[in-house]
Structures are given as C-alpha cells and as structure tokens.
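Tertiary structure, described
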Amino acid sequence: TAALVTNAHYHRLDIPSYRYLPISTPILTPKNLDSYLMRRHGGEPKPLKPGERFETKDVLITALKATHKGARLTSLRYPHSLHYLIEIDGKTIFYAGDSAYGQDFALWGQQYTIDLAILPIDFVGLESVSLNRYLTAETAWRAFLDLKAKQLVPNAFGSFVTFGRDPVLAPK
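Residues numbered from 1 in each chain as written. Predicted model: local features only at pLDDT ≥ 70, side-chain atom pairs only at ≥ 80, totals over all residues. Heavy atoms only, no water.

**Section: the sheet that holds strand E1 (residues 3-4)**
Our working rule: Only strands joined by at least two bridges in the DSSP assignment are considered to pair. Here a helix means four or more residues in a row that DSSP labels H or I, a strand means two or more in a row labelled E, and each is numbered from the N terminus.
Taken in spatial order, the 3 strands line up as E1-E2-E3 in an open sheet, and their pairing is parallel. Where the open sheet ends on each side, the last strands, each with one partner, are E1 and strand E3 (46-48).

**Some points on the packing of aromatic side chains**
Note the following rule: Each pair of aromatic rings taken from Phe, Tyr and Trp, with Trp reduced to its six-membered ring, is defined by centres within 6.5 Å and is described as stacked if the planes are under 30 degrees apart, edge-to-face if over 60, and tilted in the remaining cases. We call a residue buried when its accessible area falls under 20% of the maximum for its residue type, exposed when it is over 50%, and partly exposed in between, using a 1.4 Å probe and counting protein chains only. Charges are assigned to positions over rings by a cutoff of 6 Å between ring centre and Lys NZ or Arg CZ, combined with an angular limit of 35 degrees from the ring normal.
Applying the stated criterion across every chain yields a total of 5 aromatic pairs. Their ring planes at 85° and their centres at 5.6 Å tell us that phenylalanine 105 and tryptophan 108 sit as a pair that is edge-to-face. Here phenylalanine 105 and its partner tryptophan 108 are both found in helix H2 (residues 104-111), 3 residues apart, which amounts to about one turn of the helix. Take phenylalanine 105 and tryptophan 108: they sit in the same class, and that class is buried. Put simply, the rings of Phe94, Tyr101, Phe105 and Trp108 touch in pairs and so form one group of aromatic residues. The ring of tyrosine 101 has arginine 142 lying over it, and the distance from NZ or CZ to the ring centre is 4.2 Å.

**What to know about the packing of H2 against helix H4 (residues 137-147)**
Using the following cut-off: In this analysis, axes come from line fits to C-alpha atoms, helices being fitted only over the stretch in contact, and the angle between any two N-to-C directions falls in the range 0 to 180 degrees. Roughly parallel refers to an angle under 35 degrees, roughly antiparallel to one over 145, roughly perpendicular to one between 65 and 115, and oblique to any angle outside these ranges. Two residues qualify as a contact provided that any one of their heavy atoms is within 4.5 Å of a heavy atom in the partner residue. The residue classification treats Ala, Val, Leu, Ile, Met, Phe, Trp, Tyr, Cys and Pro as nonpolar and Asp, Glu, Lys and Arg as charged. All others, Gly included, are polar.
Where H2 meets H4, the closest approach of the two axes is 7 Å, and the angle between their N-to-C directions is 30°. It follows from the interaxial angle that H2 and H4 lie roughly parallel. Between H2 and H4, the residues in contact are Phe105, Ala106, Trp108 and Gly109 and Ala143, Asp146 and Leu147, respectively. In terms of residue class, the contact of H2 with H4 is made up of 5 nonpolar, 1 polar and 1 charged.

Put into structure tokens, the structure is as follows:
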C-alpha cells in the first residue's frame, strides 16, 4: 500500500485524511512537498522527481512530469506536480494528477503499454481558462487516445464548476 500525492492543491492533498493511514504507509510526493507533509502528518514521505521510481515487493511506481503548477494558496513553495505510472500484477495504470494536455501523453503512449488511464476532468464551463492548466473532457479524451490505454476512468469531474454552472448542465 502507498499513498500517491500528485500536487499540493487542497482537492489533491487533504492533510487530515492522512491521520487514517498507518504512519508506516509510504506517501509519495512531488519534490519539496515531503517536508510540508511531514510537518503535518509525521512519518517519512518519499519525494520523487520525474523519472524516479519507488518499488515495493509487488508494485513499481514511476513518477512522471505533469504540466501544472501545483502550489497551495497558502504556500507557493510547492509548485511541483506529478503523474504516476503504477505497474502491478502484469498491468500498467497511468494515474494523472492535475495537468494540461500536452505531447508527453503521446510519448508515454509510445513508451509504455497502458492498461488503464485514470484522468481528471477538472474544469467545467470555462475551458478557455483551464486549457493551459487542467484537462477538460475534450483534452482528457485526447490524452486517453494518445496514451493508447485500453480503458479510461475519469475522476474529479466537476471538482471546479465555474460561474455557478452545474457540471451536468454545463455547455457541451
């Protein structure tokens, strides 16, 4: 078991939630975020840079660069963001944090055989603002195709609803 932190945003890193994890649970974080988490949770978070790996007896996790500034509003010292590639039982899972769409998805699709892509669809309604920071439904679909993953699980849909728009009723 390990906890994967993709960035310091409040919807990705809820500090009180970590009290439910045993102190021995590895918590993987982007670089520099480990000290922030350790001051608030204890234990020994494992900071990773893109390309670095963490391995247990049955899981290999590779950190991948995310195109996103992941700072918390209260502290701009933690701007790094990650995606994770999880290899377990002969399967490969791509777990994305917040990210803009970019050419890296196609590169990873060529480099890895991805069975499952978990991609956030974070913004609904104000795509012109979100395109350079978050995946929209359209860019998440493009990322899924670029990754050549066999299956897609969207997550975080409607986390941010702009200008009071209902995520279900937002313009298509």
